[in-house]
Amino acid sequence: MALDEIKIGGMGASRRRVEDNRFIRGKGNYVDDIVLPAMLHMEILRSPMAHARIKSIDVSKAWEIPGVRLVLTGEMLAARNLAWMPTLSYDTQAVMAMDKVRFQGQEVAAVIADDPYIAKDACEAIRVEYEALPVIVNPMQAMAPGAALIRDDKENQTDNKVFDWEVGDRAGADKAFAEADLISKIELHYPRSHPSPIETCGSIADFDRATGKLTVYMTTQAPHIIRAAVAMVAELPEHMIRIVSPDLGGGFGNKVPVYPGYVISILASILTERPVKWIEDKTGNLISTGFGRDVYLQGELAVRKDGKMLGVRMHTISDHGAFFADAQPSKFKIGLMHSAFACYDIPVAHLTATGTYTNKAPGGVAYRCSFRVTEAMFFQERMVQAAADDLGMDQAEFRRINFVKDDDFPHRTAYGFLTDSGQYGKCLDVGLEAIDYKNFLVQKEEAKKRGRLLGIGISTMTEPLGAGNSREYDILGIKMFDSAELRVHMSGKAILRTGAKSQGQGHETTWAQIVAHELGIPADDIVVEEGDTDTAPFGMGTYASRSTPVAGAAVAMVSRKIRAKARKIAAHLLEVSEEDVEWELGRFYVRSSPDRGVTIQDCAMAAYSNMPDGMEPGLENNAYYDPPNLTWPFACYISTVEVDPETGVWDVLKVVAVDDCGVRINPMIVEGQIMGGLTEAYAMASMQFITYDVEGNCVGSNYMDYLLPTAWETPGFELHEVVTPCPHHPIGAKGIGECATVGGPASFVNAVMDALRGTGVRNIDMPLLADRVYEAIQTGKDISGAPPIKTEE
Amino acid sequence: MYPPRFNYESPKSLAEAISLLTAGGGEAKVLAGGQSLVPMLKLRFASPEMLVDINNIPGLNYVRRDADGSIHIGALCRHEDLEKSEVIAEHQPTIAAAAPLVADPIVRTRGTFVGSVCHADPQGDWSATMIALDGHIVAQGPNGKRNIPARDFVTGPFQNALAFDEIAIEAVIPAPKGDVHGGYLKLERRVGDFATAAVAVALETSGGKVIRAGIALTGVGGRTINANVAADSLVGSALTIESITRAGELAAAAAEPRSDHRGSASYKRHIVSTFLTRILNNISESTVKAA
Ligand SMILES: Cc1cc2nc3c(=O)[nH]c(=O)nc-3n(C[C@H](O)[C@H](O)[C@H](O)COP(=O)(O)OP(=O)(O)OC[C@H]3O[C@@H](n4cnc5c(N)ncnc54)[C@H](O)[C@@H]3O)c2cc1C
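All of these numbers come straight from a predicted model, not from anything done at the bench. (Residues numbered from 1 in each chain as written. Chains lettered and ligands numbered in written order. Predicted model: local features only at pLDDT ≥ 70, side-chain atom pairs only at ≥ 80, totals over all residues. Heavy atoms only, no water.)

Draft legend 1. The sheet that holds strand E28 (residues 593-599) of chain A, seen in detail. Residues and elements named next belong to chain A. The strand order across the open sheet built from 3 strands is E26-E27-E28, with neighbouring strands paired in antiparallel fashion. Of all strands in the sheet, those bounded by a partner on one side alone are strand E26 (581-584) and E28. On average, each strand axis in the sheet is inclined to that of its neighbour by 35°, with strand direction left out of account. In this sheet, E28 lies alongside strand E27 (residues 587-590) in antiparallel orientation, the contact comprising 4 bridges. Opposite tyrosine 589, over in E28, you have glycine 597 as the bridge partner. Running at roughly 50° to E28, helix H16 (residues 600-609) makes contact with E27 and E28 of the sheet. (Pairing = 2+ DSSP bridges. Helix = DSSP H or I, 4+ residues; strand = E, 2+ residues; numbered from the N terminus. Axes fitted to C-alpha atoms, helices over the stretch in contact; angles between N-to-C directions. Contact = heavy atoms within 4.5 Å.)

Draft legend 2. Expanded view of the packing of aromatic side chains. Across all of its chains, the model carries 24 aromatic pairs over all chains by this definition. Pairing Tyr190(A) with Phe378(A) gives two aromatic rings, centres 5.0 Å apart and planes at 70°, and the pair type is edge-to-face. Taken together, the residues span a long stretch of sequence, with Tyr190(A) in strand E10 (residues 182-193) and Phe378(A) in helix H10 (residues 373-391) at a distance of 188 residues. Taken together, a centroid distance of 5.4 Å and an interplanar angle of 50° make the contact between Tyr774(A) and Tyr267(B) tilted. Here Tyr774(A) is found in helix H19 (residues 770-779), whereas its partner Tyr267(B) is found in helix H12 (residues 265-290) on a different chain. The two residues Tyr774(A) and Tyr267(B) agree in class, both being buried. Taken together, the ring pairs in this structure connect Phe341(A), Tyr344(A), Phe379(A), Phe403(A), Phe409(A), Tyr424(A) and Phe634(A) into an aromatic cluster. Across from the ring centre of Phe291(A), 3.4 Å away, lies the NZ or CZ of Arg192(A), which sits over that ring. Cation over ring: Arg546(A) sits above Tyr543(A), and NZ or CZ is 5.6 Å from the ring centre. (Phe/Tyr/Trp six-rings, centres within 6.5 Å; stacked < 30°, edge-to-face > 60°. Buried < 20%, exposed > 50% of the residue type's maximum accessible area, 1.4 Å probe, protein only. Lys NZ or Arg CZ within 6 Å of the ring centre and 35° of its normal.)

Draft legend 3. Up close: the site of the ligand. Residues and elements named next belong to chain B. Val30, Gly34, Leu37, Thr112 and Asp125 are the nearest of the 31 residues found near the ligand. The backbone of alanine 103 places a nitrogen or oxygen atom 3.0 Å from an oxygen atom of the ligand. Every element with two or more residues in the shell around the ligand is listed here: strand E2 (28-31), helix H7 (113-119) and strand E10 (167-173). Across the shell around the ligand, the residue classes break down as 15 nonpolar, 12 polar and 4 charged. (Near = heavy atom within 4 Å. Polar contact = N/O pair within 3.5 Å; in protein donor to acceptor, adjacent residues only side chain to side chain. Nonpolar A, V, L, I, M, F, W, Y, C, P; charged D, E, K, R; others polar.)

Draft legend 4. Fine view of the UniProt feature "domain: Aldehyde oxidase/xanthine dehydrogenase a/b hammerhead" (unreviewed entry) in chain A. Per the UniProt annotation, the sites labelled "domain: Aldehyde oxidase/xanthine dehydrogenase a/b hammerhead" (unreviewed entry) are residues 25-134 of chain A. Within the segment residues 25-134 of chain A, helix and strand shares are 18% and 37% respectively, and the terminal C-alpha atoms sit 51 Å apart. (UniProt positions renumbered as here; feature names shortened; annotations may be inferred.)

Draft legend 5. View of the pairing of strand E24 (residues 494-498) of chain A. Residue and element names in this part refer to chain A. For E24, the buried fraction is high: 5 of the 5 residues fall into the buried class. Alternating positions in E24 separate into two faces, Ala494, Leu496 and Thr498 on one and Ile495 and Arg497 on the other, with burial throughout. Relative to E24, strand E23 (residues 482-488) runs antiparallel, the two being bridged by 5 bridges. Residue leucine 486 lies in a different strand from E24, and its bridge partner there is leucine 496. In textbook terms, the turn of a hairpin is the stretch between consecutive antiparallel strands, and for E23 and E24 this stretch comprises 5 residues, one of which, glycine 492, has a positive phi near 90°. Here 4 bridges tie E24 to strand E25 (residues 526-529), and the two strands are oriented parallel to one another.

Below, the structure is given as structure tokens:
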């Protein structure tokens, strides 16, 4: 009898997360929990200025403090050719400032001492003399004639432009716009945000002079890429570098890049020959590490009177900070921005993009999304709402008639992506039904009598997740496949290792479920290990919702290799030929007499004790998986809000989420991902942004200014599902980790804009803080751009 | 967190605490709930030589109502104690309304009412309630006790009228002479955020007429604003649409807000008048209902 898949914790089981056992008991093992013998502590001195020439650095007072072991400055790094490092976007980034500082929070010096208190005291004793330079805090200033040159270190760089780039069909778009009945326009700013994991970045570098080996415990989502990067930057042989990423307290994209702190701690360990721990503080994390978004979006949609979309044009102006250190693996300068409108059947599209340097922190990361997909989907759904309004057409109907239809797959999007599956109309219907769309107008009228404005906002989206196939995606030339290694012990228990790295996604739980599904080994009998480059097989790490699409597929494929070998062993044990052996979950049996069978555990034991003649012993294997395409989940998020026009305060009444991420491995974990994503979406829409004042001071450098939503104000979410399996993924799964963060914000903003219908306001840029909503209602005008920071009336 | 070096003392009596402060000569600081002082240490904005932790001094954790109707809040009474207090729920609507709006539920379990008033943060909620209620602080030093009226207690942003060797041992809300009404409305971007603007109102009525009024504003100036002109305008007559509107305008005029990331100055002024009118309308409705 085949096993009951749910009982053994296979696919579809809402199995409890095994990792939670240690987390809720306080037994997690984070970088800061690791203590090595004779370990020293490092603290970084950061620049208070956003743009200034460094006239002098006097570290003598720091050296005088007892317990100080080393003081490092840019000059000392330069002497070892380490003052600059390459970025993931083929630019260079200062590890420590030498000539000048280019953003507030930039690394200027570091102290290594016996304990972190001494290191901090010594940092305060360092005297740096700065000469202020003009500060640039947005792309408009950056591109203005005569603007101060931020990257004067780069040969041939004469202005603050990072790139000009385009994709799509310019002439085709021009033609579509010429033939349109109506051209709808919108201008948006997606403000700078920060992934802000609760655990900040940190590392312990341990260079052993005797063995020549460097071990680095590090908060990284991608340990193998870090090993490659360290080999490049520190010029150490790859086999002498071991990167260990222990438990991570969240990542959200923030822990993909290589940060100066890591590099400095490595050098410090090499110089002191002692382990050196660096744990960034919250402010350091917020002001210096990889941010998200910060893009100005302008767009136009050409439509016919009957609502058919004819073409779209987009222009983006992005703010990359002082160094172009975007952590993204595509060949496209503005990431996957051109995934916009992938769920709509739109014949032609054109995108132009301009990137600029500013005096802000570098390192744009894909904050819980495939790179720039969040901005793309936000733009798309705000544009669609605006066009529906301009047409005077129902917003749901406008979407429905333009969706790619269920039987039109595979579908080549106007920008050239290939989408492969989905039931877009069905998802929308489920959502409209759940929110009671038909009766909403009645509620709206009732609320008006109470002096309140009600609004409903729809956001639908499909996003390319799971980078990626090796033809189009790489990091520093390394192709983006993933691997898994499965070792079945003689008792039928197993250990699985992958090159991915969970930061809360629950890989230890779900990977075992995939093996259980493929082999019938109970999930509880499988231990999952990740994060140590000395033991884990090669992988590109966990971000961009790529783990299930890529590493998860490798887990299925390696399980199938094991099953193929076990089948040979089963035939041997059953004394029949392999063709006569059938498989059901957990068991091989003889086709002609199903009662005669052996379990997968029997086969495992035989692999060590009774293998067929000539067969290599053991039951283990590995698999590398290069996905044929990205996966394309779809979602429809609908929310209703109530606005108090007297104060601009708005409350969420209801949020309905319909997600189609293909086959769900662990439904509970999938739902957790959606709720977490919607919470972040709500935060971005309502309260969250990092902005800078005119002097380049970061406003958002701590949790009093950079607001994370709490359980208190986060609305409840009602979740629904539709399942369209991914046609090319071995278990039919699509990415889900990021859909709600990507698609969610537009549903909230669209809802508030819907509530403001009739006031003449067409757009308020995020975050929709009460004062901005109030001002819009009062003036009847749009509120654009980063919320202005003025200190005086 | 890596604060600068300091000595830590944990006295068991007020007398011992006061002598430690005296010996500290201005370089010692009282540690109550630590919810403002500890973040300042972390950020190295404060670097006292000594912390005098008063948490182990018995007899300071109380909130009680005396026979004359005055309310007494001891130096170790936490925000949460006030939020859950039956005495407050029954007799003191201004404090009852503010308690659940101070900080977040976690901070409220540690932070103290008196500590908050001592901290004199222009964005602190309790100072406004104290001024609206015309309360006073009881200070104890080497030479005994003295009363400091709340309206004189805050001398500037993060500055109070205590001498370096004095401890605020109690906050007192005087006995009311009429029926007690009050409210507190606060606009915050998120739970645990300081006020964008907040309004504290304390009224006493007799025979339908206002016989005492106190209004104070949080977050709209370099210190808690005593909107006494607005308050005085209400005294002597019943609440009417006109008097409420007028008080709203006067309070907005008394505010001295600055534009910042919490909102523009004009928005904050608008919130002051809107919130004041909302509180007064509520009171007016409930007094009409009662009458
Ligand atoms: C996340 C967060 C959010 C917050 N949000 C708010 C908010 O929305 N509204 C608000 O009002 N507050 C807020 N606070 C501050 C909080 O209310 C503090 O508890 C309060 O301001 C100080 O009280 P404390 O007992 O913690 O004082 P402490 O931090 O211990 O001390 C504060 C200062 O007062 C002095 N002091 C304390 N007690 C005495 C005493 N008895 N005699 C003499 N001096 C004394 C100390 O020496 C110190 O200078 C917040 C705090 C945090 C951490």
